[in-house]
Amino acid sequence: MSVRIKFCGFTRAADAALAAALGVHAIGVVHVPGSKRHVPLDAMPAIRAAVPAHIDLVALFVNPDADTVRAVMAALQPSLLQFHGDEADAFCTQFGMPFIKAMAMGEGAGDIGLRQKDYPSAQAFVLDGHVPGQLGGQGERFAWAGLPILDKPIYLAGGLHAGNVAEAIRTVTPFAVDASSGIESAPGVKDADKMRDFIRAARADGR
Ligand SMILES: O=C(O)c1ccccc1NCC(=O)[C@H](O)[C@H](O)COP(=O)(O)O
């Protein structure tokens, strides 16, 4: 199966529509106050309308409360939830929706082979580069080589762009690759050429 492509951090419906037309498999929307890519509830219906139903629309949170998740589910109607903080499996499951769980990689990441056991209900893991003290989406790559084989599919994230995504796919053979800053001209503003180049490079790997 060829690698799936998720682009994250959309703030503009037109960018999401273009990514969909270019053939991505998943589109992420960040609902994290303090993020430069934070999308408020009232901007969500336009993004929902721009994304065809066959493409995953992913709502991303960092340690939200349950009411916030429910409000985003109503406004965005996502097909998948992404928890990017310290949420426990029991918290993530309460919404009755499939979810993917991010794991911060790099210094201090610990043993992900063990950490995955805390998330028996997750559909997949997003392995993401991490800058201590920062929220996420920093374009931070981590060392791809030597990752353990996990029990669930991997979305490989963190500093991916057209110039390194093929190497990343060859090294990790992930289920999906996930990019945000590498396809932007500014935080939350997606760049058409960078998106096209990324997709071409990911597909050129031939998986
Ligand atoms: O993008 C954000 O602002 C953000 C805020 C809080 C938590 C996570 C956030 N982004 C994570 C992601 O968008 C993805 O995991 C992403 O593909 C990796 O980002 P990047 O390294 O910029 O490609």
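Reading the values: the criteria
- Residues numbered from 1 in each chain as written.
- Predicted model: local features only at pLDDT ≥ 70, side-chain atom pairs only at ≥ 80, totals over all residues.
- Helix = DSSP H or I, 4+ residues; strand = E, 2+ residues; numbered from the N terminus.
- Buried ≥ 20, exposed ≤ 12 C-beta atoms within 10 Å, placed from the backbone.
- pLDDT = per-residue confidence, 0-100.
- Near = placed C-beta within 6 Å.
- Nonpolar A, V, L, I, M, F, W, Y, C, P; charged D, E, K, R; others polar.
- Pairing = 2+ DSSP bridges.
- Axes fitted to C-alpha atoms, helices over the stretch in contact; angles between N-to-C directions.
- Contact = placed C-beta atoms within 7 Å.

Would you mind showing me how to read unusual backbone geometry here?
Residues apart from glycine generally show negative phi values, whereas peptide bonds are mostly found in trans. Its identity is not glycine, yet Asn-63 carries a phi of approximately 45°, on the positive side. Take Asn-63: it is sitting in the loop between strand 3 (56-61) and helix 3 (66-76). Given 12 C-beta atoms within a 10 Å radius, Asn-63 is considered exposed. Look at Gln-77: it is not a glycine, yet its phi comes out positive at around 50°. Relative to the elements of secondary structure, Gln-77 occurs in the loop between helix 3 and strand 4 (80-83). Residue class for Gln-77 comes out partly exposed when judged on the 15 C-beta atoms lying within 10 Å of it.

Would you mind going over the confidence of the model for the protein with me for this structure?
Note: predicted coordinates in regions of low pLDDT should not be interpreted at a detailed level. On average, residues of the protein carry a pLDDT of 94, and 98% of them reach 70 or more. Predicted complex metrics record ipTM = 0.96 and pTM = 0.95.

Even after reading the chapter, I still don't get the site of the ligand, so can you show me in this structure?
What surrounds the ligand is a group of 29 residues, the closest being Cys-8, Ser-35, Gly-136, Gly-137 and Ser-181. Broken down by secondary-structure element, the contributors of at least two residues to the shell around the ligand are strand 2 (26-30), strand 6 (124-128) and strand 8 (176-179). Of the residues assigned to the shell around the ligand, the class counts are 10 nonpolar, 14 polar and 5 charged.

Help me understand the sheet that holds strand 7 (residues 154-157), please; the structure alone is not making it clear to me.
Taken in spatial order, the 8 strands close into a barrel running 1-2-3-4-5-6-7-8, and their pairing is parallel. If you compare each strand with its neighbour and ignore which way they point, the axes differ by 25° on average. As defined by bridge partners, strand 3 adjoins strand 4 across 4 bridges and the pair is classed as parallel. Residue pairing across strands places Val-58 opposite Leu-80, the latter belonging to strand 4. Against the sheet, helix 3 contacts strand 2, strand 3 and strand 4, and its axis sits at roughly 155° relative to strand 3.

Help me understand the pairing of strand 8, please; the structure alone is not making it clear to me.
Looking down a regular strand, the side chains alternate between one sheet face and the other. Across the two faces of strand 8 the burial is the same, with Ala-176 and Asp-178 and Val-177 and Ala-179 all buried. With 4 bridges joining them, strand 1 (residues 4-7) and strand 8 adopt parallel strand pairing. If you follow Phe-7 over to strand 8, its bridge partner there is Ala-179. Examined bridge by bridge, strand 7 and strand 8 share 3 bridges and lie parallel to one another. Residue pairing across strands places Ala-157 opposite Asp-178, the latter belonging to strand 8.

Is there a simple way to explain the pairing of strand 5 (residues 99-104) in this structure?
For strand 5, the tally of buried residues reaches 6 of 6 residues, placing the bulk of the element in the interior. Of the two faces of strand 5, the one lined by Phe-99, Lys-101 and Met-103 and the one lined by Ile-100, Ala-102 and Ala-104 are each fully buried. Summarising the sheet, strand 4 and strand 5 pair through 3 bridges and their orientation is parallel. Its bridge partner lying in strand 5, Gln-82 is registered against Ile-100. Of the strand pairs in this sheet, strand 5 and strand 6 are connected by 5 bridges, and their pairing is parallel. By the bridge assignment, Met-103 is partnered in strand 6 with Leu-127.

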